[in-house]
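Chains, contacts and geometry: an overview
Listed here are the chains, written in short residue letters.
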Amino acid sequence: MTTTKDKRAVSARPLPLNQILAGDCIEIMNSLPEGSVDLIFADPPYNLQLKGDLHRPDNSKVDAVDDHWDQFSNFAVYDKFTRDWLAAARRLLKPNGAIWVIGSYHNIFRVGAELQNQGYWIMNDVIWRKSNPMPNFRGKRLTNAHETMIWASKSEDSKYTFNYEALKSLNEGVQMRSDWVIPICNGGERLKDAQGDKAHPTQKPEALLHRVLVGTTNPGDVVLDPFFGTGTTGAVAKMLGRDFIGIEREEAYREVAEKRLSRIRKFDSEAIATIKPKRAEPRVPFGQVIERGMLRPGEELYSIGNRHKAKVRADGSLIGNDVKGSIHQVGAALEGAPSCNGWTYWHYRREGKMIPIDILRQQIRAEMEVDETRPH
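In short, a report on the structure. All values derive from a computational prediction rather than experimental measurement.

1. Some remarks on the packing of helix H6 (residues 206–216) against helix H7 (residues 232–239)
- In the contact formed by H6 and H7, the axes pass within 9 Å of each other and the chain directions differ by 55 degrees. The angle between H6 and H7 falls in the class oblique. Taken as a pair, H6 and H7 cross one another with a handedness that is right-handed. The segment H6 lies against H7, with Glu 206, Leu 209, His 210 and Leu 213 engaging Thr 232, Thr 233, Ala 235, Val 236, Ala 237 and Met 239.
- For the contact of H6 with H7, a count of residues per class yields six nonpolar, three polar and one charged.

Structure below.
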């Protein structure tokens, strides 16, 4: 039985950041401070239920997932395992934390049901479509060309991180969809053991984790991977300026991951910054522009095309054609429109050129960002 004293002792321990912890993921997660992790990326055993060896048409053996860690005696045993590790993971998440779980048709539906049973709130299921999948050598089923990822927040009320603009930028300015075409891990990225064989049968490509972490974490966040394997999550987290915690019970995988991580270097802070959504930018009242003398009371502003003009007043309001109000209200009234973005609608004149007043707002915002980076 866990006492209040025991809980206080756990919460007082420092997080083992940027380390690979050896042992059972459920036991280790339960030993870490509650509510201390921003994001969990989990690639649990798929419980593939393979029956015998798999061979190619030329009779060569396929290096399939037949490791002991992927073997469970029945669905009940697998379900209990899923229930226990998801409960431990949810305990670790901060109130606004989230989880990604990846799986195949063998297990992802059972995992998804348990996520909902425990109070997680599913935001998306994402299809990772493999551009170079392994063929179905027996020819008795469709080629398994995808895996499914579930993205869920800790609860329905969680204010989870979603860097919408960053993902849109990754996708050439188009809204990111829930089907991601990314090749499986191969070539130089595929890690090998001392014998030249695959170090891990289900190594995930860094491109997949890059998209997950850029889209749903921020620099400095703590990312935990309870099935760390050869460390793809840790490698990408380290490059992107996130802290990671890895848990892996297999010594051979830990050794490969440690060597891999020792070669990784963090990108500089400017390189890992992402585009912020407009609503996340600091609010700048138009009155600040007047207070700072960037525009003067009595100065005239002009609409696009010079169709309308208005005069600046000392309190940050405008007056034009007997219409008084904010830059947005006056613009909307003059245009006969329900609304108007005054920052982009109004322009001021300097040296014969028309300049949008939004330039002044961006200048103030840039100064705010500089102030935030200075030591206080």
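2. A closer look at the sheet that holds strand S7 (residues 222–225)
- The strand order S1-S8-S7-S2-S3-S5-S4-S6 describes an open sheet built from eight strands, whose pairing is mixed. Lying at the two open borders of the sheet, with one neighbouring strand each, are strand S1 (19–22) and strand S6 (179–181). In this sheet, neighbouring strand axes are inclined to one another by 20 degrees on average, regardless of whether the strands run parallel or antiparallel.
- Where S7 and strand S8 (residues 243–248) come together, four bridges link them in parallel fashion. The residue bridging Val 222 from the neighbouring strand is Asp 243, located in S8.
- Packing of helix H3 (residues 75–92) onto the sheet brings it into contact with strand S2 (37–42), strand S3 (93–103) and S7, and relative to S3 it is tilted by some 145 degrees.

3. Brief notes about unusual backbone geometry
- The phi dihedral of Asn 18 is positive, around 55 degrees, even though this residue is not glycine.
- Looking at where Asn 18 falls in the secondary structure, it is placed in the loop between helix H1 (4–12) and S1.
- Residue classification places Asn 18 among the partly exposed residues on the basis of a relative accessible area of 39%.
- Backbone geometry places Glu 172, a non-glycine residue, at a positive phi of 55 degrees.
- Counting through the fold element by element, Glu 172 comes out in the loop between helix H5 (164–170) and S6.
- Look at Glu 172 and you get exposed, because its relative accessible area is 76%.

4. A word on the side chain of Asn 107
- Within the secondary structure layout, Asn 107 lies in the loop between S3 and helix H4 (108–117).
- Look at Asn 107 and you get buried, because its relative accessible area is 1%.
- A polar atom in the side chain of Asn 107 sits 3.5 Å from the backbone oxygen of Pro 45.
- Ignoring sequence-local partners within four residues, the contact set of Asn 107 consists of Pro 44, Pro 45, Tyr 46 and Tyr 78.

5. Quick notes on the nonpolar core
- Trp 100, Met 149, Trp 180, Leu 208, Val 212 and Leu 213 are the most contacted members of the largest nonpolar core, which has 34 residues in total.
- Going through the elements one at a time, S2, S3, strand S4 (121–129), strand S5 (146–153), H5, H6, H7 and helix H8 (251–262) are the ones with two or more residues in this core.
- Ranked by residue count, the leading element in this core is H6, at five residues.
- Contact partners of Trp 100, with chain neighbours within four places excluded, come to Leu 39, Ile 40, Phe 41, Ala 42, Val 126, Met 149, Ile 150, Trp 151, Trp 180, Val 212 and Thr 216.
- Formed by 30 residues, the second largest nonpolar core is a distinct cluster that contains Leu 92, Ile 99, Leu 115 and Val 222.

6. A closer look at H4
- Listed in full, the buried residues belonging to H4 are Ile 108, Val 111, Gly 112, Glu 114 and Leu 115. Considered in projection along H4, the buried side chains sweep an arc of 165 degrees and stay on one side of the axis. Opposite the packed face of H4, turned more than 90 degrees from it, sit the exposed residues Phe 109, Gln 116 and Asn 117.
- Considering only its buried residues, H4 is in contact with H3, S3, S4 and S5.
- Immediately downstream of H4, the backbone of Gly 119 shows phi near 100 degrees, a positive value.

7. Concerning the pairing of S5
- With respect to burial, S5 is a largely interior element, seven of its eight residues being buried.
- Relative to S5, S3 is paired through six bridges, and the arrangement is antiparallel. Residue pairing for S5: Val 101 is matched across the bridge by Ile 150.
- The pairing of S4 with S5 spans eight bridges and is classified as antiparallel. Along S5, the bridge assignment pairs Asn 124 with Trp 151.

About the thresholds
Residues numbered from 1 in each chain as written. Predicted model: local features only at pLDDT ≥ 70, side-chain atom pairs only at ≥ 80, totals over all residues. Heavy atoms only, no water. Axes fitted to C-alpha atoms, helices over the stretch in contact; angles between N-to-C directions. Helix = DSSP H or I, 4+ residues; strand = E, 2+ residues; numbered from the N terminus. Parallel < 35°, antiparallel > 145°, perpendicular 65-115°, else oblique. Left-handed = near helix turned anticlockwise from the far one by under 90°. Contact = heavy atoms within 4.5 Å. Nonpolar A, V, L, I, M, F, W, Y, C, P; charged D, E, K, R; others polar. Pairing = 2+ DSSP bridges. Buried < 20%, exposed > 50% of the residue type's maximum accessible area, 1.4 Å probe, protein only. Polar contact = N/O pair within 3.5 Å; in protein donor to acceptor, adjacent residues only side chain to side chain. Core = buried A, V, L, I, M, F, W, Y, C linked by side-chain atoms within 4.5 Å. Arc of directions from axis to C-beta.

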